[in-house]
Amino acid sequence: MDKTLRSQLVWLCNVTGKPILKLTNKDYADNGLQTIVDKYGSAYNANLIVFNELQHTITGWPGGKPDADDTYRPERAKPWPKRVVVFSPHPDDDVISMGGTIRRLVNHGHEVHVAYETSGDIAVSDEEVMKYMHFINGFNQLFGGDFDEVIKQKYNEIKQFLAEKQPSDLDSRDILTIKGLIRRGEARMACAYNGIPKKNVHFLDLPFYESGKVEKLPMTDADINIVKALLQDVKPHQIFVAADWADPHATHKKCTEAVFQAFDDAVAKGEEWTRDCIIWMYRGAWAEWAVEEIDMCVPLSPEELLAKRTAILKHQSQAEGAPFLGDDERLFWQRAEDRNRGTAEVYDRLGLACYEAMEAFKRRG
């Protein structure tokens, strides 16, 4: 695959306003790309190479299509069904980034696991904590006869702490634990909605994240060994990881580095499962792959895009008022839909099939 040629032709399409198969020898010459025509013999030959490459990235079968010729498909037909691990740095990156693909994998019968690498606790507001504390206290009074002294004591402690908390104060361990529990509950709800059984939902709680601050701890062997244990248990045929380095706190980068290190160590040790495992990289709320980088693109129907939005909204603590939305005023579900629709529009402008939305992936080489 000549990604330089692909990049040049995508640029030329943007300059001329033409789809790939309508580019002419003159278009190339007028825009400083005559050397491509000279190399491939004609605009038509170069056009066809890139058009076919992009066409072959599109698949409705992200886990491979069984009993089908997979020569030009981005994923293998066999083995079928596959064991899949989706690594999610925070407890919502999975559905924000590839919620449609996850549903497709589940519906096709693959064994899908989701591994939430960090607790995401610092991204929960204090108001969310109080909402749940009020519920627990009320539940205790209604059904416990107000006799559970532990709940009463913790409720009063946390209420007082939050009332006296200053903007620069770090959360107590109890509050961070509650915030982590909130995000776990939301993640379980989203997974259940997507048809993923509870036993396939893993909370890794990587230690590097648990500083209680925006600035995280260094990643160590302790983080990598947790990932290794999961991979050795599942022995996946597919791994999906975040490659969104625009994440402002670099959590995505550290999480994915832990997966790469764990996988590479397994390869070095000659673990058999690694010989039949492919790593796919996704991007999410902060960026998208350039067309020339895409190796697999999964189309979504309007109904599938709506289902993806529903899964994202299961993470209620990350909707309106979430602490780390960044400078982008759009909510996470809006960013996801805009990004997925934008990818589909790019493919449409290049003269390929026109879909409602598309989720894009790059294969780790």
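For the structure itself, consult the block above.
Scoring rules and cut-offs
Residues numbered from 1 in each chain as written. Predicted model: local features only at pLDDT ≥ 70, side-chain atom pairs only at ≥ 80, totals over all residues. Heavy atoms only, no water. Helix = DSSP H or I, 4+ residues; strand = E, 2+ residues; numbered from the N terminus. Buried < 20%, exposed > 50% of the residue type's maximum accessible area, 1.4 Å probe, protein only. Areas by Shrake-Rupley, 256 points an atom, 1.4 Å probe, with all protein chains shown as cover. Lys, Arg positive; Asp, Glu negative; His and termini not counted. Charge placed at Lys NZ, Arg CZ, Asp CG, Glu CD. Core = buried A, V, L, I, M, F, W, Y, C linked by side-chain atoms within 4.5 Å. Contact = heavy atoms within 4.5 Å. Axes fitted to C-alpha atoms, helices over the stretch in contact; angles between N-to-C directions. Parallel < 35°, antiparallel > 145°, perpendicular 65-115°, else oblique. Pairing = 2+ DSSP bridges. Left-handed = near helix turned anticlockwise from the far one by under 90°. Nonpolar A, V, L, I, M, F, W, Y, C, P; charged D, E, K, R; others polar. Salt bridge = Lys/Arg side-chain N within 4 Å of Asp/Glu carboxyl O. Disulfide = S-S within 2.5 Å. Patch = residues over 30% accessible without salt bridge, like charges linked within 9 Å, V, L, I, M, F, W, Y side chains within 5 Å.

## Some remarks on the overall build of the chain
Item 1. Looking only at helices and strands, the chain has twelve helices and seven strands in total.
Item 2. Its C-alpha atoms give the chain principal-axis dimensions of roughly 85 × 45 × 40 Å.
Item 3. In the chain, buried positions account for 50% of the 365 residues.
Item 4. Carbon and sulfur atoms make up 53% of the accessible area of the chain, which amounts to about 16,800 Å² in all.
Item 5. Where the 46 positive side-chain charges of the chain centre and where its 57 negative ones centre are 3 Å apart.

## Thoughts on the nonpolar core
Item 1. Residues Y28, F87, V227 and I239 are the most contacted members of the largest nonpolar core, which totals 55 residues.
Item 2. The element that contributes the greatest number of residues to this core is helix α10 (residues 251-268), accounting for seven residues.
Item 3. Excluding residues that lie within four positions of it along the chain, V227 makes contacts with F87, L204, L206, A258, V259 and A262.
Item 4. Core analysis: the next-biggest nonpolar cluster, separate from the first, contains 22 residues, I102, Y116, I196 and F203 among them.

## Observations concerning the packing of helix α7 (residues 149-164) against helix α8 (residues 173-193)
Item 1. Axis separation between α7 and α8 bottoms out at 10 Å; the angle between their running directions is 100 degrees. Looking at the two axes, α7 sits roughly perpendicular to α8. Mapping the contact onto sequence places K154, E157, I158, F161 and L162 in α7 and D174, I175 and I178 in α8.

## With respect to the sheet that holds strand β3 (residues 201-203)
Item 1. Strand order in the open sheet formed by seven strands is β3-β2-β1-β4-β5-β7-β6, and the pairing between neighbours is mixed. In this open sheet, the two strands that pair with only one neighbour each are β3 and β6 (296-300). With direction set aside, neighbouring strand axes in the sheet form an average angle of 25 degrees.
Item 2. Bridge count between strand β2 (residues 111-116) and β3: three bridges; the pairing is parallel. Paired with V114 across the strands is V201, a residue of β3.
Item 3. In the packing of α10 onto the sheet, the strands contacted are β1 (83-88), β4 (238-242) and β5 (278-282), and the crossing angle to β4 comes to about 150 degrees.
Item 4. On the sheet, helix α11 (residues 302-313) packs against β6 and β7 (357-363) and is oriented at approximately 95 degrees with respect to β6.

## Structural notes on the pairing of β2
Item 1. Taken across its six residues, β2 has five buried, putting it largely inside the fold.
Item 2. Where β1 lies against β2, six bridges are found, and the strand directions are parallel. Paired with F87 across the two strands is A115, which belongs to β2.

## Describing the packing of helix α5 (residues 93-107) against α11
Item 1. Direction vectors running N to C along α5 and α11 enclose 125 degrees, while the axes themselves pass 9 Å from each other. In terms of their interaxial angle, α5 and α11 are classed as oblique. The way α5 lies across α11 gives a crossing that is right-handed. Here α5 contributes V95, I96, S97, M98, G99, G100, R103 and R104 to the contact with α11, which in turn contributes E304, A307, K308, A311 and I312.
Item 2. Here the contact of α5 with α11 is built from residues that sort into six nonpolar, three polar and four charged.

## Concerning the pattern of salt bridges
Item 1. Under the defined criterion, the tally for this structure stands at 27 salt bridges.
Item 2. Note that R184 and D205 form a salt bridge whose closest N and O atoms lie 2.6 Å from each other. Remark: D205 occurs in the loop between β3 and α9 (221-234) and R184 occurs in helix α8; sequence separation between them is 21 residues.
Item 3. A relative accessible area of 24% places R184 in the partly exposed class.

## As for the pairing of β6
Item 1. Among the five residues that make up β6, five are buried, leaving the element largely enclosed by the rest of the structure.
Item 2. What you see with β6 is no split at all: M296, V298 and L300 on one side and C297 and P299 on the other are buried throughout.
Item 3. Where β6 meets β7, five bridges bridge the pair, whose relative direction is antiparallel. For C297, the partnering residue across the bridge sits in β7 and is A360.

## Re the environment of F208
Item 1. Structurally, the position occupied by F208 is in the loop between β3 and α9.
Item 2. For F208, a relative accessible area of 1% translates into the label buried.
Item 3. When the C-alpha positions of F208 and P218 are compared, they lie 5.8 Å apart, and in sequence the two are ten residues distant.
Item 4. The residues touching F208, leaving out its near neighbours within four places in the chain, are T118, K216, L217, P218, M219, D223, T251, K254 and C255.

## Remarks on the state of the cysteines
Item 1. Scanning the model with the defined rule gives zero disulfides in all.
Item 2. C13 takes part in no disulfide bond, and the closest cysteine sulfur, belonging to C354, lies 16 Å away.
Item 3. Between C354, a free cysteine, and C297, which holds the nearest cysteine sulfur, the sulfur-to-sulfur gap is 13 Å.

## What to know about a nonpolar patch on the surface
Item 1. On the surface, a cluster of nonpolar side chains totalling about 600 Å² of accessible area is made up of F135, I136, F139, L142 and F143.
Item 2. Secondary-structure assignment places F135 in helix α6 (residues 126-143).
Item 3. F135 gets classed as exposed once you look at its relative accessible area, which sits at 55%.

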